[in-house]
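A closer look at the structure
Chain by chain, the residues:
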Amino acid sequence: MTSGEPLTKRPLRHRIGDRIERLQDRTGLGHLNRWIVGAVAVVAVLAGGMTAALSWPGTDSHSITPVSKESTEAADSTTDTLIVSVAGAVNEPGVVRLDPGDRVIDAIETAGGLSDDADIGFLNLARPLDDGDLVAVNRIADGPTEAAEASADGLLNLNGADAADLEQLSGIGPVLAERIVQYRRDNGPFGDVTDLAQVAGIGQSLLRKIGDEVVV
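In what follows, the accompanying structure is described. Keep in mind the model is a prediction, meaning the values are calculated, not measured.

Cut-offs used in this document
Residues numbered from 1 in each chain as written. Predicted model: local features only at pLDDT ≥ 70, side-chain atom pairs only at ≥ 80, totals over all residues. Heavy atoms only, no water. Core = buried A, V, L, I, M, F, W, Y, C linked by side-chain atoms within 4.5 Å. Buried < 20%, exposed > 50% of the residue type's maximum accessible area, 1.4 Å probe, protein only. Helix = DSSP H or I, 4+ residues; strand = E, 2+ residues; numbered from the N terminus. Pairing = 2+ DSSP bridges. Contact = heavy atoms within 4.5 Å. Axes fitted to C-alpha atoms, helices over the stretch in contact; angles between N-to-C directions. Salt bridge = Lys/Arg side-chain N within 4 Å of Asp/Glu carboxyl O. Expected span 1.5 Å × (residues − 1). Phe/Tyr/Trp six-rings, centres within 6.5 Å; stacked < 30°, edge-to-face > 60°. Polar contact = N/O pair within 3.5 Å; in protein donor to acceptor, adjacent residues only side chain to side chain.

What follows covers the nonpolar core. Membership of the largest hydrophobic core comes to 20 residues, with the highest contact counts inside it found for Leu166, Leu169, Ile172, Ile180, Leu196 and Ile202. Of all the secondary structure elements, the ones that give two or more residues to this core are α6 (163–166), α7 (174–187) and α8 (204–210). Ranked by the residues each element gives to this core, the list is headed by α7, at four residues.

See below:
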């Protein structure tokens, strides 16, 4: 360092200006050319700064994948509908579409409401539903059933029992009880206890368990 230099560095723009003036003195550039050279130098400095900023880690615009509105709506739509099956004593049995948070009573109303022979019994109308649920509504028996007449023997008559009676059997719940009744409507009376194996959901293990509880 010479004795003529200040202790603190001069601003960058001043130092650039000094260099430009020295270059102009050597090359004989005019005042106008001095400003042109200065402008080129400033542009060069700015360009270098922008290049450094763009190359800084984490600023690569290609690393960001935008989420389209369509993909977001498609994801949301998967949770906006419940698909529920309604069977038994309703006016329009079948598959219905419900809103999340709907209950058994909403499924029944969507399926046309209860039919005249509906027996809701202990059906929980306030139960919230999940996607894929089955709502089975029992029917009222038409007068005394053969099952009631056979109760003295302690056996249940498969061809006269209603869904509520069938639910008293070991391992038979509302869904299987309704399937047994529906099978009987579609195919006629059971010819043998072993015919229960034709009902969806009743395997050989369950058939052996209830075989001593029923007659035909």
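Time to look at the sheet that holds strand β3 (residues 118–119). In any sheet, the strands associate via hydrogen bonds between backbone groups, in a parallel or an antiparallel arrangement. Strands sit in the order β2-β1-β4-β3 across an open sheet of four strands; the sheet is mixed. Of all strands in the sheet, those with a lone pairing partner are β2 (94–98) and β3, marking the two edges. In terms of strand pairing, strand β1 (residues 82–88) meets β2 through five bridges, oriented antiparallel. Counted as the bridge partner of Ser85 is Val95 from β2. Against the sheet, α7 makes contact with β1 and β4 (134–139), and its axis sits at roughly 60° relative to β4, the strand it touches most.

A word on the pairing of β1. Between the antiparallel neighbours β1 and β2 lie five residues. Pairing of β1 with β4, which is carried by four bridges, proceeds in the parallel orientation. When the sheet's bridge partners are listed, Val86 is paired in β4 with Val135.

Glancing now at the pattern of salt bridges. Within the structure shown, the criterion is met by three salt bridges. Between Asp117 and Arg139 there is a salt bridge, and its shortest N-O distance comes to 2.9 Å. Here Asp117, found in the loop between α4 (104–110) and β3, pairs with Arg139, found in strand β4; they are 22 residues apart in sequence, far enough to count as distant. Since its relative accessible area comes to 26%, Asp117 is described here as partly exposed. The shortest N-O distance in the salt bridge between Arg185 and Glu178 comes to 3.7 Å.

With that settled, consider α7. Owing to its 3.6 residues per turn, the α-helix aligns residues three or four sequence positions apart on the same side. Taking 1.5 Å of rise per residue, 14 residues should cover 20 Å, and α7 covers 20 Å from first to last C-alpha, within 8% of that figure. Of all the positions in α7, only Leu176, Ala177, Glu178, Ile180, Val181 and Arg184 are classed as buried. Check the buried side of α7 and you find it contacts β1, β4, α6 and α8. Two residues or fewer after α7 comes Gly188, characterised by a positive phi angle close to 90°.

Further remarks concern the packing of aromatic side chains. In total, this model carries one aromatic pair according to the counting rule given. When the ring of Tyr183 is compared with that of Phe190, the centres are 5.4 Å apart and the planes differ by 15°; the resulting orientation is stacked. According to the relative accessible area criterion, Tyr183 is partly exposed, its value standing at 22%. Judged by its relative accessible area of 5%, Phe190 falls in the buried class.

Here we take up the side chain of Asn157. Here Asn157 lies in strand β5 (residues 156–157). With relative accessibility at 8%, the residue Asn157 sits in the buried group. At 2.8 Å, the side chain of Asn157 forms a polar contact with the backbone nitrogen of Asn159.

Let's shift gears to the environment of Glu167. On the secondary structure map, Glu167 appears in the loop between α6 and α7. For the pair Glu167 and Ala177, spaced 10 residues apart in sequence, the C-alpha to C-alpha distance is 5.9 Å. Filtering out sequence-adjacent residues up to four positions away, Glu167 remains in contact with Asn138, Ile172, Gly173, Pro174 and Ala177.

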